[in-house]
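Overview (structure and organization)
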Amino acid sequence: MLQVHDLAVSRGGLTVLEGLGFALRPSDLLVLRGPNGVGKTTVLRTLAGLQPALRGQILANPDQITYSGHADGIKATLTVGENLGFWAAVHGHSAIDPAISAMNLTALRARRAADLSAGQKRRLGLARLLVTGRKIWLMDEPTVSLDAASVALFGAMLRGHLAQGGAAIVATHIDLGLPEARMLDLTPFKAAATRQGAFDEAFA
Amino acid sequence: MIALLQRDLRLAFRAGGGFGLGLAFFLMVAVLVPLGVGPEGALLARIAPGILWVGALLACLLSLDRMFALDFEDGALDLMAVSPLPLEGVVAMKALAHWLVTGLPLVLIAPVLGLLLSLAPGGYFWLLASLFLGTPALSLIGGFGAALTVGLKRGGLILSLIVLPMYVPSLIFGAEAVRRGAVGGDAVVPLLLLAAISLGSVAILPFAAAAALRANLK
């Protein structure tokens, strides 16, 4: 579904990762690991097409990819149902009930997003993935501000997605409780520090 | 794309959405200018076309920085860029929503404010027509400016500096159409030029603004 060859990505003009390669098949779950700043978000944004790759190849159908970042794109003055309905309509669907019940938002459906707690907002943001109807989910720290029960709910949703032939790449620090997850530590792909060759010339 | 238009209109009319901001500003300009200039009808009638057009233009400017900045801050713009919506369509719909929320109310209230400024009777039709044909360009040019400055914190100042020079042709032709109409002259030519600016903006600026957004999302 998604193949990556010799990918190099940059953030703020600096190469952060290079030589990255992996393949994602249907029902695969890939977990990106690595310390803060190693480039997990940058990789996900590059795969989502939000920024260009420095080098390398990404083979995938962009119409199958959806992305969930640190911000959920939730409008505070719209209700939970309206927020979700908008994203469903954008992706050409209309049914939001399965997503609402999957993330346990039924009781909150008519509530304004401004009145949700951080964890409830996150659940709404994750429910958005379901209404996109896309096969490849790219998720950046999806479990931030979720309690244990909600993490389990998210795990169940993710497992359901994988069972239907979907795939996901998740950048996270915590254990999702999914034994089928494949770990990918990004630390070995860290780009070598830029050579300071010009230094002597400048100060000679 | 209709869903995006509906959402933006809904957001604008909900609390804190900014509907009425431009309208209130326009109203204040038209009420305060006669107080500042004095009650002399002939003088007011002479400056009315210019004042009305400047007021409408600044009222449009007032809400521009919100056009993309809010969606950028809460991540919705990223998600739209990944969604099936083309960014060109996003820009066009957002400019249309801005026009419906800001430009169209200005057009509709302008004749009433013309009365406050003792605009000559012949000018009212041309005031309506020129604002109706000219304000879409203000929203689109503003959308382009907003797309260019979307990543900047407090980008309002630079946005005004970018947008105002591009507003000048619309202002000149718009006010000229009303002025000529008010004195019974031929107002068709400036009106046609104004319409040409709007049509050109519709054709070109969504693509330019989408390119600017793509660069800013990186």
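That block above? That's the structure.
This section reports on the structure supplied with the text. (Residues numbered from 1 in each chain as written. Chains lettered and ligands numbered in written order. Predicted model: local features only at pLDDT ≥ 70, side-chain atom pairs only at ≥ 80, totals over all residues. Heavy atoms only, no water.)

Let's talk about the nonpolar core
- Judged by nonpolar contacts, the single largest core of 122 residues is most densely connected at Leu158(A) and Ile169(A).
- Aside from chain neighbours lying at most four places away, what touches Ile169(A) is Leu2(A), Phe22(A), Leu24(A), Leu30(A), Leu32(A), Leu44(A), Leu47(A), Trp137(A), Leu138(A) and Met139(A). (Core = buried A, V, L, I, M, F, W, Y, C linked by side-chain atoms within 4.5 Å. Buried < 20%, exposed > 50% of the residue type's maximum accessible area, 1.4 Å probe, protein only. Contact = heavy atoms within 4.5 Å.)

A few points about the side chain of Ser10(A)
- With respect to the element layout, Ser10(A) can be found in strand 1 (residues 2-11).
- Once you skip the residues sitting within four places of it in the chain, Ser10(A) turns out to touch Thr15(A), Val16(A), Thr42(A), Gln51(A) and Leu54(A). (Helix = DSSP H or I, 4+ residues; strand = E, 2+ residues; numbered from the N terminus.)

Some thoughts on the sheet that holds strand 6 (residues 136-140) of chain A
Residues and elements named next belong to chain A.
- A sheet is described by the order of its strands in space; here five strands give the open sequence 5-6-7-3-8, paired in parallel fashion. Looking at which strands have only one partner, the edges of the open sheet turn out to be strand 5 (65-68) and strand 8 (182-185). Adjacent strand axes in the sheet meet at a mean angle of 15° when their direction is disregarded.
- As paired strands, strand 5 and strand 6 are joined by four bridges and run parallel to one another. (Pairing = 2+ DSSP bridges. Axes fitted to C-alpha atoms, helices over the stretch in contact; angles between N-to-C directions.)

Structural notes on the pattern of salt bridges
- Counted according to the given criterion, the structure contains 19 salt bridges over all chains.
- Between Glu18(A) and Arg55(A) there is a salt bridge, and its shortest N-O distance comes to 3.1 Å. One end of the pair, Glu18(A), is in strand 2 (residues 14-24); the other, Arg55(A), is in strand 4 (residues 55-60), with 37 residues separating them in the sequence.
- Overall, Arg55(A) belongs to the partly exposed group, its relative accessible area being 41%.
- For Asp28(A), the salt bridge goes to Arg182(A), with nearest N and O atoms at 3.2 Å. Taken together, the residues span a long stretch of sequence, with Asp28(A) in the loop between strand 2 and strand 3 (29-33) and Arg182(A) in strand 8 at a distance of 154 residues.
- According to the relative accessible area criterion, Asp28(A) is buried, its value standing at 13%.
- The partly exposed category is assigned to Arg182(A), whose relative accessible area is 33%.
- The network of salt bridges with common partners includes Lys75(A), Arg7(B), Asp8(B), Asp71(B), Asp74(B) and Lys94(B). (Salt bridge = Lys/Arg side-chain N within 4 Å of Asp/Glu carboxyl O.)

Here we look at the environment of Gln64(A)
All names here are of chain A.
- Secondary-structure assignment places Gln 64 in the loop between strand 4 and strand 5.
- Looking at Gln 64, the relative accessible area reads 28%, which means it is partly exposed.
- Gln 64 sits 32 residues away from Ile 96 along the chain, and the two C-alpha atoms are 19 Å apart.
- Residues within four places of Gln 64 in sequence aside, it is in contact with Arg 134, Lys 135 and Ile 136.

Structural notes on the packing of aromatic side chains
Residue and element names in this part refer to chain B.
- On inspection of all chains with the given rule, the structure shows four aromatic pairs over all chains.
- Considering the side-chain rings of Trp 99 and Phe 132, the 5.9 Å spacing of their centres and the 70° angle between planes classify their relative orientation as edge-to-face. Taken together, the residues Trp 99 in helix 6 (residues 87-116) and Phe 132 in helix 7 (residues 123-148) connect sequence positions 33 residues apart.
- Judged by its relative accessible area of 44%, Phe 132 is partly exposed. (Phe/Tyr/Trp six-rings, centres within 6.5 Å; stacked < 30°, edge-to-face > 60°.)

What to know about the interface of chain A and chain B
- Facing the 24 residues of chain A at the interface are 23 residues of chain B.
- Interface area for chain A against chain B, summed over the two sides, is near 2000 Å², with a carbon-plus-sulfur share of 66%.
- When the area that chain A buries against chain B is broken down by residue, the three leading residues are Leu50(A), Lys75(A) and Phe86(A), summing to 28%.
- Counting every contact that joins chain A to chain B gives five salt bridges.
- Where Arg45(A) meets Asp78(B), a salt bridge forms, and the shortest distance between an N and an O atom there is 2.9 Å.
- The interface formed by chain A and chain B holds eight residue pairs in polar contact (both at pLDDT 80 or more) in total.
- Those elements giving two or more residues to the side of chain A that touches chain B turn out to be strand 5 and helix 2 (80-90) of chain A. (Buried area = accessible area lost by both parts, 1.4 Å probe. Polar contact = N/O pair within 3.5 Å; in protein donor to acceptor, adjacent residues only side chain to side chain.)

Topic: the side chain of Lys94(B)
Residue and element names in this part refer to chain B.
- Relative to the helices and strands, Lys 94 resides in helix 6.
- Here the side chain of Lys 94 touches Met 67 through a polar contact of 3.5 Å, landing on its backbone oxygen.
- Excluding its chain neighbours within four sequence positions, the residues that come into contact with Lys 94 are Arg 7, Asp 8, Met 67, Phe 68 and Asp 71.

A look at the sheet that holds strand 2 of chain A
Residues and elements named next belong to chain A.
- In spatial order, the strands read 2-1-4; together these three strands make up an open sheet with antiparallel pairing. If you trace the sheet from one side to the other, it starts and ends with strand 2 and strand 4, each paired once. On average, adjacent strands in this sheet sit at an angle of 30° to one another, irrespective of strand direction.
- Looking at chain direction, strand 1 and strand 2 are connected through seven bridges and run antiparallel. Paired with Leu 7 across the bridge in strand 2 is Leu 20.
- Together, strand 1, strand 2 and strand 4 form the strand contacts of helix 1 (residues 40-47), whose direction differs from that of strand 1 by roughly 120°.

Focus on the layout of surface pockets
All names here are of chain B.
- In this structure, the largest pocket encloses a volume near 470 Å³.
- Asp 8, Leu 11, Gly 17, Arg 66 and Leu 70 are the residues nearest the centre of the largest pocket, which is lined by 23 residues in total.
- Secondary-structure elements contributing two or more residues to the lining of the largest pocket are helix 1 (2-13), helix 4 (66-73) and helix 6. (1 Å grid on protein atoms, 1.4 Å probe; cavity = no way out; pocket = protein on both sides within 12 Å on 5 of 7 lines; lining within 4 Å. Points joined across faces, edges and corners; volume = space filled by probe spheres on them.)

Just geometry here; none of it tells us what the structure is for.
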